[in-house]
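# Secondary and tertiary structure notes
Next come the chains, spelled out residue by residue.
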Amino acid sequence: MAKWVLYHTDGCHLCEQAEQLVTKLLDTSSSLELVDIITDELLINKYQTRIPVLKSEQGLQLYWPFSAHSAREFMTQAD
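The following paragraphs examine the structure supplied in this document. (Residues numbered from 1 in each chain as written. Predicted model: local features only at pLDDT ≥ 70, side-chain atom pairs only at ≥ 80, totals over all residues. Heavy atoms only, no water.)

### Regarding helix α3 (residues 68-78)
- Those residues of α3 lying buried are Ala71, Phe74, Met75 and Ala78. Along α3, the residues classed as buried sweep out an arc of 95° about the axis, all on the same side. Facing away from the buried surface of α3 by more than 90 degrees, the exposed residues are Thr76 and Gln77.
- Its buried side turned inward, α3 meets β1 (2-8), α1 (13-25), β3 (53-55) and β4 (61-63). (Buried < 20%, exposed > 50% of the residue type's maximum accessible area, 1.4 Å probe, protein only. Helix = DSSP H or I, 4+ residues; strand = E, 2+ residues; numbered from the N terminus. Arc of directions from axis to C-beta. Contact = heavy atoms within 4.5 Å.)

Structure below.
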């Protein structure tokens, strides 16, 4: 089962778009964890100007902007 993390924050319309896009690409054996960066000062410092960011279990990251096509390729390669 592939596990993905989407770093985001509430009220971010780009983050909402990324969540919808990634959710459509997940298969039944995959899961998406949403991590709001506002809950962790280290995450704020790391991602505040880069969210949304999709991260694989292996630590690979895909930074916004990404399309359905580029996200699918990333998820296939990182899986």
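From this point, the narrative continues.
### Comments concerning the side chain of aspartate 36
- Along the chain, aspartate 36 turns up in strand β2 (residues 30-36).
- An unpaired buried charge is present at aspartate 36: no salt bridge exists, and lysine 46, the closest side chain of opposite charge, is 15 Å distant.
- A distance of 2.9 Å separates polar atoms of two side chains, one belonging to aspartate 36 and the other to threonine 9.
- Side-chain polar atoms of aspartate 36 contact the backbone nitrogen of isoleucine 38, separated by 3.0 Å.
- In contact with aspartate 36, other than residues within four places in its own chain, are His8, Thr9 and Asp10. (Lys, Arg positive; Asp, Glu negative; His and termini not counted. Salt bridge = Lys/Arg side-chain N within 4 Å of Asp/Glu carboxyl O. Polar contact = N/O pair within 3.5 Å; in protein donor to acceptor, adjacent residues only side chain to side chain.)

### Description of the pairing of β2
- Direction of pairing for β1 relative to β2: parallel, over a ladder of seven bridges. For tyrosine 7, the partnering residue across the bridge sits in β2 and is valine 35.
- Assessed by its sense of winding, the connection that carries the chain from β1 through α1 to β2 is right-handed. (Pairing = 2+ DSSP bridges. Right-handed = clockwise from strand over helix to strand, strands pointing away.)

### Remarks on the pairing of β1
- Burial of β1 is extensive: six of the seven residues sit out of reach of the surface.
- Pairing between β1 and β3: three bridges, direction antiparallel. Residue pairing in the sheet places leucine 6 in a bridge with leucine 54 of β3.

### What about the nonpolar core?
- Counting residues in each nonpolar core, the largest one holds 13 residues, and the members touching the most others are Trp4, Val22, Leu54, Leu62, Phe66, Phe74 and Met75.
- With four residues, α3 is the single largest residue contributor to this core.
- When residues no more than four places from it in sequence are discounted, the contact partners of phenylalanine 66 are Ala18, Leu21, Val22, Pro52, Leu54 and Ala71.
- Among the nonpolar cores identified, the runner-up in size contains 10 residues, and Val35, Ile37, Leu43 and Tyr47 belong to it. (Core = buried A, V, L, I, M, F, W, Y, C linked by side-chain atoms within 4.5 Å.)

### Some points on the sheet that holds β2
- A sheet is described by the order of its strands in space; here four strands give the open sequence β2-β1-β3-β4, paired in mixed fashion. Edge positions in the sheet fall to β2 and β4, since each of these pairs with one other strand and no more. Taking each pair of neighbouring strands and ignoring which way they run, the sheet shows an average axis angle of 20°.
- Sitting on the sheet, α1 touches β1, β2 and β3, and the angle it makes with β1 is about 165°. (Axes fitted to C-alpha atoms, helices over the stretch in contact; angles between N-to-C directions.)

By themselves, these figures tell us nothing about what the structure is for.
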